[in-house]
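Descriptive analysis of the structure
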Amino acid sequence: MGSKSNRSKRYSEEFKRDAVALVRSSGRTVTEVARDLGVSAEGLRNWVRQDQADRGQGAPGELTTAEREELRRLRRLAREQAETIEVLRKAAVFFAKESDR
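The text that follows walks through the structure, step by step, so that each part is easy to find. For clarity, every value in this text was computed on a predicted model and none was experimentally measured.

1. Quick look at the environment of V33
Inspection of the secondary structure puts V33 in helix α2 (residues 30-37). Each C-alpha atom of the pair V33 and E67 lies 28 Å from the other, and the pair is 34 residues apart in sequence. The contacts of V33, once residues within four sequence positions are left out, are A19, L22, V23, S26, R28 and L44.

Written out as structure tokens, the structure reads:
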């Protein structure tokens, strides 16, 4: 087992926004700011990267926060629809067998 906790800390959007603004305005490295704020450097680096994508300055093909949320919503919808289709398929098989009796 790894030493990493299964539960990561959750930070408010305001905290993340302020942390990213501090990195952008202070001229200090992500690692220095992360150490001062008591967050992981990799987590802060991810917040900065996501902020760049949201501003249209991310890597080609990188999704914005809105696009990520839409993708998550559509995947959930597709999963729910697949489950519904499976239930209906099983019901159709059941009733087909019943009508043969």
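2. Looking at the side chain of Q50
Summarising the element assignment, Q50 is placed in helix α3 (residues 41-54). Setting aside its immediate chain neighbours within four residues, Q50 contacts L63, T64, T65 and R68.

3. Details of α2
Among the residues of α2, those classed as buried are V30, V33 and A34. End-on, the buried residues of α2 take up no more than an arc of 100°, which puts them together on one face. Within α2, the exposed residues directed more than 90 degrees away from the buried face are R35 and D36. Along its buried surface, α2 packs onto α1 (13-26) and α3. Taken from the residues just after α2, G38 is the one with a positive phi, measuring 75°.

4. Considering the packing of α2 against α3
α3 packs onto α2 with a crossing angle of 115° between their chain directions and a minimal axis gap of 9 Å. The handedness of the crossing between α2 and α3 comes out as right-handed. Contacts between α2 and α3 involve V30, T31, V33 and A34 from the first element and A41, L44 and R45 from the second. Considered class by class, the residues forming the contact of α2 with α3 number 5 nonpolar, 1 polar and 1 charged.

5. Observations concerning a positive patch on the surface
Taken together, R68, R72, R76 and R79 make up a surface patch of like positive charges. With respect to the helices, strands and loops of the structure, R76 is situated in helix α4 (residues 65-100).

Reading guide: rules and limits
Residues numbered from 1 in each chain as written. Predicted model: local features only at pLDDT ≥ 70, side-chain atom pairs only at ≥ 80, totals over all residues. Heavy atoms only, no water. Helix = DSSP H or I, 4+ residues; strand = E, 2+ residues; numbered from the N terminus. Contact = heavy atoms within 4.5 Å. Buried < 20%, exposed > 50% of the residue type's maximum accessible area, 1.4 Å probe, protein only. Arc of directions from axis to C-beta. Axes fitted to C-alpha atoms, helices over the stretch in contact; angles between N-to-C directions. Left-handed = near helix turned anticlockwise from the far one by under 90°. Nonpolar A, V, L, I, M, F, W, Y, C, P; charged D, E, K, R; others polar. Patch = residues over 30% accessible without salt bridge, like charges linked within 9 Å, V, L, I, M, F, W, Y side chains within 5 Å. Areas by Shrake-Rupley, 256 points an atom, 1.4 Å probe, with all protein chains shown as cover. Salt bridge = Lys/Arg side-chain N within 4 Å of Asp/Glu carboxyl O. Lys, Arg positive; Asp, Glu negative; His and termini not counted. Charge placed at Lys NZ, Arg CZ, Asp CG, Glu CD.

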